[in-house]
Structures are given as C-alpha cells and as structure tokens.
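Residue-level listing of the chains:
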Amino acid sequence: MGLRILLILGLLVCGGPVAAAQERSLEYPVKAAFLYRFGSFVDWPAGAFANDRQPLLICIIGRDPFGPTLDRLVSGQTVEGRTLLVRRLPAADPDAGCHIAYLGGSSSQSVGAAAHALAGAPVFTVAESAAPGVVAQFVLRANRVRFRLDTRAAAAARLRISSKLLNLAVEVTQ
Amino acid sequence: MKIWGLIGLGALLPGVAWAQSSGDLTRLSIEDLSNVEVTSVSKRPERLADAPASVYVLNNEDIRRNGVQTVAEALRLAPNLNVQKVDALDYAISARGLNGFESANKLLVVVDGRSVYSPFFGGVEWSQIQPDLTDVDRIEVVSGPGGTLWGANAVNGVINIVTRPADLTQGLAGQAVAGRGYQFYSVRYGGAVGQTGAYRVYARTFDRADTLRAGAQAGDGWRGGQIGFRTDFDGQSGHFTLQGDSYYDHVPSQIPANPRGKLVGDNLLGRWTRSLSDKSEFELQVYYDRYERIARGILDGVATYDIQGQQRLELGHHQLVVGAGYRRWSDRFENFLNPFVLDPPRATSDLSNAFVQDQISRGDVTVILGLKAEHNSFTGLEWLPNARLAWRVSDNALLWSAVSKAIRTPSRLDRDLVYPSIVARSDFQPEKLTAYELGYRGRPASRISVSATLFYHDYKGVRSNEPAPGTFFPIRIGNGLEGHTWGLEAWGDLDLSEAWRISAGGTTLAKQFQRATGSQDISNLAAAGHDPDYQLLVRSNSRLTRSIDLDVRLRYVGSTPAEAVSNYLVAPAYGEADLRLTWRVSDKVQLSLAGSNLLHDQHPEATEPRRTETRRNFQVALRYGW
C-alpha cells in the first residue's frame, strides 16, 4: 500500500525517512503547503524585500520534518508574483533574510530560543508549539491541520496579517 | 472533510473530497487546505485523478469566480450536465440524456447528506435547493449510475452538494447582487463555541421578476427568503454536526381563484462520526425535511424522516463499507386546475436499504464490488449490483471501467395518478438501467489534466402510457419503453500560467428508444426526453493584475428536438457567452460586474410549451468577506 500512496500523492516519492514514516499521513505535506501559502496573507514592512522581484525566502530552522516535500511543493509556485526559495538553517539568524521561518527546534536551540533570536526581525514565524514570539502555531483539530495566530508577535515583527487569515485561525491571541 | 460527501462518494470515489479540482495540494485554497483530513485511513484521501467514475467537481472558487447565485446556474459549469431553463422558477437538468421537466427523473441530488430527490413526484425541484453558495465547499457531479452507495434513483447521475464545516466559515460575510429583474442579498456570521465547537448562521433574500414568453411577461416571477445554521463540534466521542434551514417563498400559484402561491419548507439534520480505531469508522445520520407548495395549480407537500448509518473497515487489502438506511415520508396532493388527482390523496411510503461494498487494491489495480438491497413500499425488494475496475497505468494516467445496474423507483405520481374514467391507477414497476462505462483520466503534461468517458446505457421498462385493450380508456402508466443511449463525455484543464486557466469540456449523446413488444405507448416516447446531440463549454479564469480578475465562459448547445411529444417546441442550437470582471478592493471587499447570455437578446433552452426565454442580463455584485 505504501507505494500506492506515494503514487497517489505524487509528492512524497523519494521522500526520505521522515516522509516514509509519515507516508500514511498528509499532515506534513499539508503543513508544507500552509507554510508558503501564509505568504499570500501577510504584508511585510518596507525593507523586508529589496525589490518587487526578490524571492520570498522560506527558512526551516532546526529540525526539518518536511524533507523534499516542501521543495517539490514550492517549485514553480509564486506568492504575489514572487518566486519561492527554501533554505535550511541549523539555528536562527536574524540577518539571514527569512520571510517565513518554520522553527523546528533542535538540541542546540529550542523553538523558544529560535523565536527569541528572531525578535524584532520581520519574519513570519511558524512552530508546532506555543512560544513567545511565534506568530503562527500549527494545531490539529478534528484530524485537520489548523493554526493559532499571535497578533502581538506579528506586530512586534512589523507584519500585517490579513483578516481572512485571522478568520481561519482557530484562535487569535492579542 | 465533509462526512457525508465521503459516505456518498467516499467508497466509490475515495478522493473527491480531498482533490478539490484536479490537482495536488498547491491547487487548494487556504480554506480547502484547512479542510484536508490528514490521517484518515478508512477514508484515505486520494486525488480526483484516482476516481473510477465520470465525476466533475466544482469547488468554491469555481462557483465564486463565475458569479452564480443558484445551484441550477452553478451546474451550467459542469460539462457532463445539460441544463435547460424552463422559466423563472423551473429548470430541467440531466446527465446522459432523457432531459426535460417531466422526464428528468433519474438524477439524484444530495445536499449535505439530505436527499432532495422527491420520491413523491420523481425528480428534483430545483427551486427548493438554495444552500448558501458562499459556504458551499464543492459540488460533485457524477454522470452515470451512482453505484451501490447511493441506491435508487441515482440512475443517470448524482449531484452531491457539500457545505463547509462551521469552523471554516468564521466571521462576517455578505453579498448584494442586482441585475435586470433580479436582486439577491445574503449575510452570514460564524463564531466559536467553546474550545472545539463552531457555528454559523445565515439569512438570504431574493427577488426575481417575470421572464418573457412570446415577448410578454410570463407571470412566473417569485421572491423569498431563507435562514439557516450549522454547528460542528469535536468531542471525545467523535464529531457532531447539526444543521438546518427554513425558507418561505412567494410563487405564482396559477390558480385563478387564489393567485398567491407559496413554497415553504424546513429541514434539520444531525450527524455523528466516530473513529473506533485507525482502521474503522462509524457514522450515523438523521434528518427531517418537510415542504408545502402551492404552485402550477397544485398544492403538494411532503414530510420526510430519514436515518442512515454506516461502518467502514480496513482489512489488509480490503476497504469495506457496510450500511443501512430507512426513510419514511408522508405526502398530500390537491389539484385545482384539472380533474387529475392522486388516489389516495394522502399517503405514507417508505424505503429501506442495506448495502456492502468492498474495495480491493493490489498494486496498480483496484477493484470495487458492491451490492445494495433496496425495499420500497410500491414494488418490494430490488437488488443493485455494481462492479468497477481501475488500473493505474502510470503516475499520470488511470484507466477504469464499470458495469452497474440502477433503478428508478416508482413515484406516487407514477402509481396513483387518476383522471376519473380516463386514467386509472397503475402497477408501474421500477425503470431499470444497465450501464457500461470506460474511462480515462490523466495528466498528459504537467499543466494539462484530462478526463474522458465512453458510456452505453441500456434502459428497460421506462414509463409509457398504455391504453386499455379494446376500450382504450382507462389509460394506465406502464413500463412499455426500452432503449439505449451512448456517448462521450470529455473535459480538461490547461494552466497557461499560475494566473490563467482554460477549462473546456463537452458531451455527445446518441439515443434510440422504442416501444417494447406489447406496448402501445400513446405518449409518443415522452419519457425518453428531449436532448441536444452535443454541447461544448469553454471557460477562462484569469488574474489580470493583483486585484483584477477576468472570467469568460462560452457554451454551445446543439438543437434540442421536440418531435416526441405533441405541442412541445424545438429549442434551436445556441451559443452564449458570459463575462465577469472582478475588482478585489481589499482582502475583504470585492466588486464585480458581470454580463450573462451576451450574444443574443433572448433564447429558449427548454422544449416545454410553457417555456420562457433566457435573456441577456447584466449584474453588479458587492461582496464582503467571501
């Protein structure tokens, strides 16, 4: 059955150990799709992009649960006319130019520490657990991937989140 | 994911729910992404590309971008349906032929698990189907028999309308639409209930002016309103949904003594889904639905109670679904125009069923075998088998075939219609279909998706009007017609860029019906309906700038002949164009300007003598939060 699911998804072929372990679940492919899709509902402050053509940079900081799934998903996609780039970083770096950052955490830098390191930078931070400074937190509700939003963290990062995204959030912290 | 959508199509078409259009995750809107069930085993999500049936899915964006306000108009977007507008109130809609207001009685329509096919008169009253399209997640259009799971009356097709769960429709949304002779306003509000629940409420009102018949006002204008709600809860013991609607419409009665007609109705539905393990899931659904109508010179009303349950199980290579259901309805009928009556004028009928379906997957081959036993109070027990075979030729191509039996059960009108000394009650039996289908679905290139289906339908025992031997009167409704149809359904999408998609589709239909041995049908094969030989649809959905969308639709429908029934009218072949320009003022507000049926001042679509003409129209729409 495993192979069949791989074919069906057309996303996870050669998906590596993480994807193989999750081959029965769409959880991470869906989260990966959310990750870049968030970009359509966020306005970054002036200066976050050098120009209209600069790609939108998605960073995976620490543990990477997506594997090649994310790269396959974003290839050829654009968000508001910008192409998408994926970078993987061992630890948070406020000067790396990330626009969206998934904080996977690692033994050397926890999710909270990564969020703290990015404090003040215009980065839409996404994590699996709540931590001060994390803008969006994935949660599972009724077997679906949903998210919480922290508008205070967004304001600190000088991000404007569209009301459509706020409406879709299961919970908005102010 | 919407539970009952999966109940219906689920086992037959495991993936429709997941695959909103034809693509993968990148094609889903953010709401759709929020609605993907991620770890379901028994309802494993698959792509539409894996569905072994002829199914076309309209998603929320298709509906939104094409500016349609009613289900019937939305169905014009599905290439596998023929839509004939009869007048301001009525439509005739069918898949694979036999269309017409009287003859389109073989298409099953389900709204969030509630059947809106009337077992009372046999058919669908499109004017009664008014879900809030703002919150419709998708409309799945299956042409061909619905297989084991849908049961009786899913003969030529199934339409499954699924609304979004309440947690995906939060906040305020509304729209105001005005066009020539047409106004529509709706508002919806959604909020949370505790940590794991959500609700929405909505209200809508509309006003449609008379359409034109031979240049004069047809007296068919109507107006009305509807309110409704939906709540969804997740608890320890599963997912609960409770939803309901209530409507009141003013329609012309066509009764000279009392010209004010009405259409009133309510429904309430509850559903409980529980995963017993990661390989087993149970669902139970109950609903109540009633309506009363005074229109077209007739008073009729039906109250329906329905309960159904099903269990899904995964055992090795097998995915089993077993289920059962029971429906009971009471009806009344009074005729103010002529001596046709129902005998008895009030009756209670029931329908019960039990089914089992097994989906066996081995490598690239999937076999689906199903059997349903259905018992109706008119003719007793019927068996409905269904076999489907799907072969995944490559990552990008699926070949499938199916052989199915389907029936249309007798309606009260078929059995109990009486015109003293002219027409007598009948012992009408189910109409039977054996269908053979062969289909291909694939993505021959990364930007192209295609579906094509060849079908052959063999009908037996189709409704006829049989005179009494020797005396001619009384006439009785009989099963005297037989015939076959065959044709091709094909459609595809081409993504020219991220911002521009072209969709095209069409159908061809050949039809041959005759009287069976012993039949003297005097209706001249009326039940075979009136169908064009072919139709073609093309649409272009494009994003011109960051805030401006341009959507264009073209359709060409072949001539719809009317030779079968005296005094019916030919609907000549016609081509029409619709155009819509949308300005997204902000992420909450959008303004659109649309023109429909732009190529002609007016044109007829149906063949009924009372038909009116569809006119060129312009409308302006303001939307908030949708």
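Our subject is the structure that appears above.
Residues numbered from 1 in each chain as written. Chains lettered and ligands numbered in written order. Predicted model: local features only at pLDDT ≥ 70, side-chain atom pairs only at ≥ 80, totals over all residues. Heavy atoms only, no water.

Some details on the overall build of chain A
Note the cut-off: The numbering of helices and of strands both runs from the N terminus, where a helix is a DSSP run of H or I of at least 4 residues and a strand a run of E of at least 2. Note on definitions: a residue-residue contact is assigned when non-hydrogen atoms from the two residues lie within 4.5 Å. Using a 1.4 Å probe, the Shrake-Rupley method yields the accessible areas, and only the shown protein chains count as cover for residues.
When helices and strands are counted, chain A shows 7 helices and 10 strands. Within chain A, contacts between residues separated by at least 24 positions form 58% of all contacts whose residues are at least 6 apart in sequence. Accessible area of chain A: about 7,100 Å², with a carbon and sulfur share of 54%.

Some details on the packing of aromatic side chains
Filter applied, for reference: Aromatic rings from Phe, Tyr and Trp, taking only the six-membered ring of Trp, are treated as a pair when their centres fall within 6.5 Å; an angle between ring planes under 30 degrees marks them as stacked, one over 60 as edge-to-face, and anything in between as tilted. A simple rule labels every residue: compare its accessible area, found with a 1.4 Å probe on the protein chains alone, to the largest value its type can have, and call it buried under 20%, exposed over 50%, or partly exposed in between. Should the NZ of a Lys or the CZ of an Arg lie within 6 Å of a ring centre and within 35 degrees of the ring normal, that charge is described as sitting over the ring.
Scanning the model with the defined rule gives 20 aromatic pairs over all chains in all. Ring geometry for B:Tyr459 versus B:Phe513: centroids 5.6 Å apart, planes at 35 degrees, classification tilted. You can see B:Tyr459 sitting in strand 29 (residues 448–468) and its partner B:Phe513 sitting in strand 31 (residues 500–515), a full 54 residues away along the chain. When its relative accessible area of 11% is taken as the criterion, B:Phe513 is described as buried. Plain terms: the ring middles of B:Tyr534 and B:Tyr556 are 6.2 Å apart, the flat faces sit at 15 degrees to each other, and that makes the pair stacked. Taken together, the positions of B:Tyr534 in strand 32 (residues 534–543) and B:Tyr556 in strand 33 (residues 548–557) put the pair 22 residues apart, joining distant regions of the chain. Residue B:Tyr534 is classed as partly exposed on the basis of its relative accessible area, which comes to 36%. Through successive ring pairs, a cluster of aromatic residues spans A:Phe34, A:Phe38, A:Phe124, A:Phe138 and A:Phe147. Taking NZ or CZ as reference, A:Arg82 lies 3.6 Å from the ring centre of A:Phe49, over its face. Directly above the ring of B:Phe101 sits B:Arg610, whose terminal nitrogen or CZ lies 4.6 Å from the centroid.

Some points on the pairing of strand 4 (residues 107–111) of chain B
Residue and element names in this part refer to chain B. Under the convention used in this document: At least two bridges found by DSSP between two strands are what make those strands a pair.
Judged by how many residues are buried, strand 4 sits mostly within the fold: 5 of 5 residues are covered. In this sheet, strand 5 (residues 114–115) lies alongside strand 4 in antiparallel orientation, the contact comprising 2 bridges. When the sheet's bridge partners are listed, Val111 is paired in strand 5 with Arg114. Between strand 4 and strand 5, which pair antiparallel one after the other, the connecting turn spans 2 residues, and Asp112 there sits at a positive phi close to 45 degrees.

Examining the sheet that holds strand 10 (residues 171–173) of chain A
Residues and elements named next belong to chain A. Spelled out, the test is: Lines are fitted to the C-alpha atoms to define the axes, a helix being fitted only along its stretch in contact, and any angle between axes, read from their N-to-C directions, falls within 0 to 180 degrees.
Reading across from one edge, 3-4-2-5-6-7-8-10 is the order of the 8 strands in this open sheet, with mixed pairing throughout. Each of the sheet's edge strands pairs with one partner strand only, and the pair in question is strand 3 (78–79) and strand 10. Strand direction decides the pairing type here: strand 5 (residues 100–105) and strand 6 (residues 124–127), joined by 4 bridges, are parallel. Counted as the bridge partner of Ile100 is Phe124 from strand 6. Relative to strand 8 (residues 144–150), helix 3 (residues 27–37) is tilted by about 40 degrees, and along the sheet it contacts strand 2 (56–62), strand 3, strand 4 (82–89), strand 5, strand 6, strand 7 (136–141) and strand 8.

Don't take any of this as a statement about function, it's just geometry.
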